[in-house]
Amino acid sequence: MMNTLKTWLESILEVISIFLLITMAVIVVLAVIFRFLGQSLIWYDEVASVVLAWLTYYGSALAVCNRGHLGFSGLFLTLPKRLRAVTFVIAEVVVIGFFAVIGYAGWYLLGIFGDEALISLSWVHLSFTQSVIPVGAVLFIMAEILSIPEAWKKAMAGIDYEKEAIDQAIEEAQQS
């Protein structure tokens, strides 16, 4: 069940991240073309920065699904198994707690914005553009929780995520 939910979440985050990346590329290319033609777009930099923020949040949640964030696996895996288990639990609580605080603060922030809007596009409300903070925090927490069972097994077995990913990439490269 957890693997199915994780796979489902990962697929959704991949689609969203790809869409945001393509959107950002199109916006920047259009901005360059219009500037070259002498008709600069007044909204592109504000919108591109919002899309970049969204891509960062959604992409980070996607990375969590595969435990793709930087860590200290070499140091962590040298710990005795019992201490490794305690460290794992503490790290998970800290990460989930941190994003719970970020989510709450983001939700609180949405109430402060009220009817404020982007400067260049007055019909786009800041509460919409900044909604990525609480939404991204929830997605990050979901991805973290859904990836815990596999991460726990690997941590207790002494398997290094980073080395495993590198070995897999090398194997795929050799096959092609």
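Since this is a predicted model, take the numbers as computed values, not measurements. (Residues numbered from 1 in each chain as written. Predicted model: local features only at pLDDT ≥ 70, side-chain atom pairs only at ≥ 80, totals over all residues. Heavy atoms only, no water.)

Break down the overall build of the protein chain for me, citing the residues and quoting the values.
When helices and strands are counted, the protein chain shows seven helices and zero strands. Taken from N to C terminus, the helices and strands of the protein chain fall in the order α-α-α-α-α-α-α. Taking 176 residues into account, the globule formula puts the C-alpha radius of gyration at 16 Å, and the protein chain, at 20 Å, lies well above it. Its C-alpha atoms put the protein chain at 60 × 45 × 30 Å along the principal axes. Within the protein chain, buried positions represent 33% of all 176 residues. Put simply, of all contacts in the protein chain between residues at least 6 apart along the chain, 76% involve residues at least 24 apart. As displayed, the protein chain has an accessible area near 11,400 Å², and 72% of this comes from carbon and sulfur atoms. Taking the average location of the 9 positive side-chain charges in the protein chain and that of its 15 negative ones, the two points are 13 Å from each other. (Helix = DSSP H or I, 4+ residues; strand = E, 2+ residues; numbered from the N terminus. Rg over C-alpha atoms; globule rule 2.2 N^0.38 Å. Buried < 20%, exposed > 50% of the residue type's maximum accessible area, 1.4 Å probe, protein only. Contact = heavy atoms within 4.5 Å. Areas by Shrake-Rupley, 256 points an atom, 1.4 Å probe, with all protein chains shown as cover. Lys, Arg positive; Asp, Glu negative; His and termini not counted. Charge placed at Lys NZ, Arg CZ, Asp CG, Glu CD.)

Which residues make up the packing of aromatic side chains, and what values do they have?
On inspection of all chains with the given rule, the structure shows four aromatic pairs. An angle of 70° between the planes, with centres 5.3 Å apart, marks the rings of F88 and W152 as edge-to-face. One end of the pair, F88, is in helix α4 (residues 81–113); the other, W152, is in helix α6 (residues 132–157), and 64 residues separate them in sequence. Look at F88 and you get buried, because its relative accessible area is 8%. (Phe/Tyr/Trp six-rings, centres within 6.5 Å; stacked < 30°, edge-to-face > 60°.)

Got a sec to walk through the pattern of salt bridges? Specific residues and values, please.
All told, the structure shown has six salt bridges when counted by the stated rule. Across the pair K6 and E150 runs a salt bridge whose closest N-O atoms are separated by 3.2 Å. Here the residue K6 occupies a position in helix α1 (residues 2–36), and E150 occupies one in helix α6, the gap between them amounting to 144 residues. Ionic pairing is found between E92 and R67, a salt bridge with its closest N-O pair at 2.7 Å. Separated by 25 residues along the polypeptide, E92 in helix α4 and R67 in the loop between α2 (44–65) and α3 (73–78) bring together distant segments of the chain. (Salt bridge = Lys/Arg side-chain N within 4 Å of Asp/Glu carboxyl O.)

Give a detailed account of the packing of α1 against α6, specifying residues and quantitative values.
At their nearest, the axes of α1 and α6 sit 9 Å apart, and the two run at 140° to each other. With respect to their mutual orientation, α1 and α6 come out oblique. When the axes of α1 and α6 are compared, the crossing they make is left-handed. On the side of α1, the interface is formed by M2, L5, K6, L9 and L13, while α6 contributes L139, M142, A143, I145, L146, S147, P149 and E150. Partitioning the contact of α1 with α6 into residue classes produces ten nonpolar, one polar and two charged. (Axes fitted to C-alpha atoms, helices over the stretch in contact; angles between N-to-C directions. Parallel < 35°, antiparallel > 145°, perpendicular 65-115°, else oblique. Left-handed = near helix turned anticlockwise from the far one by under 90°. Nonpolar A, V, L, I, M, F, W, Y, C, P; charged D, E, K, R; others polar.)

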